[in-house]
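Descriptive analysis of the structure
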Amino acid sequence: QTQVAESGGGLVQAGGSLRLSCTASGRTFSSDRMGWFRQAPGKERESVARISETGDYTYVADSVKGRFTISRDNAKNTLYLQMNSLKPEDTAVYYCNRLSFGGIALGSWGQGTQVTVSS
């Protein structure tokens, strides 16, 4: 069972940047597709970005396209989300998880990391 721990969130002004990290343990990280999700207050959790096992394939949601970049370092068992040009609507708790081929989260959820963007 994969365990994940997210970090890197914080309070930032609109237009600023943050880099989130997710460290994974319990499985062979390089064998797992991974993804970032977020959940804003009063809303359902949504998929933000996905990455293949080797990092060759990435996908980001339309709402963050051109601003967020997903990457991974398999040697460090770490997933990243670089977030630029942040907007107040990006405010949410951000989570990582391993994914099925169809993008469904498969593992247990971590505690997430809070991102707050002020206007």
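Residues numbered from 1 in each chain as written. Predicted model: local features only at pLDDT ≥ 70, side-chain atom pairs only at ≥ 80, totals over all residues. Heavy atoms only, no water.

Side note on the pairing of strand β4 (residues 33-39)
Inclusion rule: The buried label applies to any residue whose accessible area, calculated with a 1.4 Å probe on protein chains only, is under 20% of its type's maximum; exposed applies above 50%, and partly exposed to all values in between. Here a strand is any run of E in DSSP of at least two residues, a helix any run of H or I of at least four, and the numbering for each starts at the N terminus. When DSSP finds two or more bridges between two strands, those strands count as paired.
The element β4 is largely enclosed, with a buried count of five among its seven residues. Bridge count for β4 against strand β9 (residues 92-99) is seven bridges, and the pairing is antiparallel. From the neighbouring strand, G35 faces β9, where its bridge partner is N97. Bridge count between β4 and strand β5 (residues 46-51): five bridges; the pairing is antiparallel. Across the sheet, residue W36 finds its bridge partner in β5, namely A49.

A word on the pattern of salt bridges
The criterion, for reference: By salt bridge we mean one thing: a side-chain nitrogen of Lys or Arg within 4 Å of a carboxyl oxygen of Asp or Glu.
According to the stated counting rule, one finds six salt bridges in the structure shown. Between E53 and R33 there is a salt bridge, and its shortest N-O distance comes to 3.7 Å. With E53 in the loop between β5 and β6 (58-60) and R33 in strand β4, the pair connects residues that are 20 residues apart, well separated along the chain. Each of R38, E46, R67 and D90 takes part in one network of salt bridges that share partners.

Structural notes on the nonpolar core
Note the cut-off: Throughout this description, the term nonpolar core refers to a set of buried Ala, Val, Leu, Ile, Met, Phe, Trp, Tyr and Cys residues connected via side-chain atoms within 4.5 Å.
Residues W36, V48, F68, L79, L81, M83 and Y94 are the most contacted members of the largest nonpolar core, which totals 27 residues. For this core, the secondary-structure elements that each account for two or more residues are β3 (18-25), β4, β5, β7 (68-73), β8 (78-83), β9 and β10 (113-118). Among the elements that line this core, the one with the most residues is β3, at four residues.

A short note on the sheet that holds strand β1 (residues 3-7)
The pairing of strands in a sheet happens through backbone hydrogen bonds and is either parallel or antiparallel. How we decide: Note on method: axes are straight lines fitted to C-alpha atoms, helices fitted across the in-contact stretch only, with angles between N-to-C directions ranging 0 to 180 degrees.
With antiparallel pairing, the four strands of this open sheet are ordered in space as β1-β3-β8-β7. Edge strands, defined here as strands with exactly one partner in the open sheet, are β1 and β7. Averaged over all adjacent pairs, the angle separating strand axes in this sheet is 15 degrees, with direction ignored. Here β7 pairs with β8 via six bridges, running antiparallel. Across the sheet, the residue bridging to R72 is L79, located in β8.

Points about empty space enclosed by the protein
Condition: In the cavity and pocket records, a cavity denotes points on a 1 Å grid over the protein atoms alone where a 1.4 Å probe fits but cannot get out, a pocket denotes an open set with protein on both sides within 12 Å along at least 5 of 7 lines, and lining residues are residues with an atom within 4 Å of a point. Grid points are joined across faces, edges and corners, and a volume is the space filled by probe spheres set on the points. Amino acids outside the nonpolar list (Ala, Val, Leu, Ile, Met, Phe, Trp, Tyr, Cys, Pro) and the charged list (Asp, Glu, Lys, Arg) are all regarded as polar, and Gly is one of them.
In total, this model carries one cavity of 30 Å³ or more according to the counting rule given. Here the largest cavity defines a volume of roughly 30 Å³. Considering only residue class, the lining of the largest cavity consists of two nonpolar, four polar and two charged.

Side note on the environment of A75
Structurally, A75 can be placed in the loop between β7 and β8. Using a relative accessible area of 77% as the deciding quantity, one classes A75 as exposed. Once the C-alpha coordinates of A75 and G9 are considered, the two residues, 66 residues apart in sequence, prove to be 23 Å apart.

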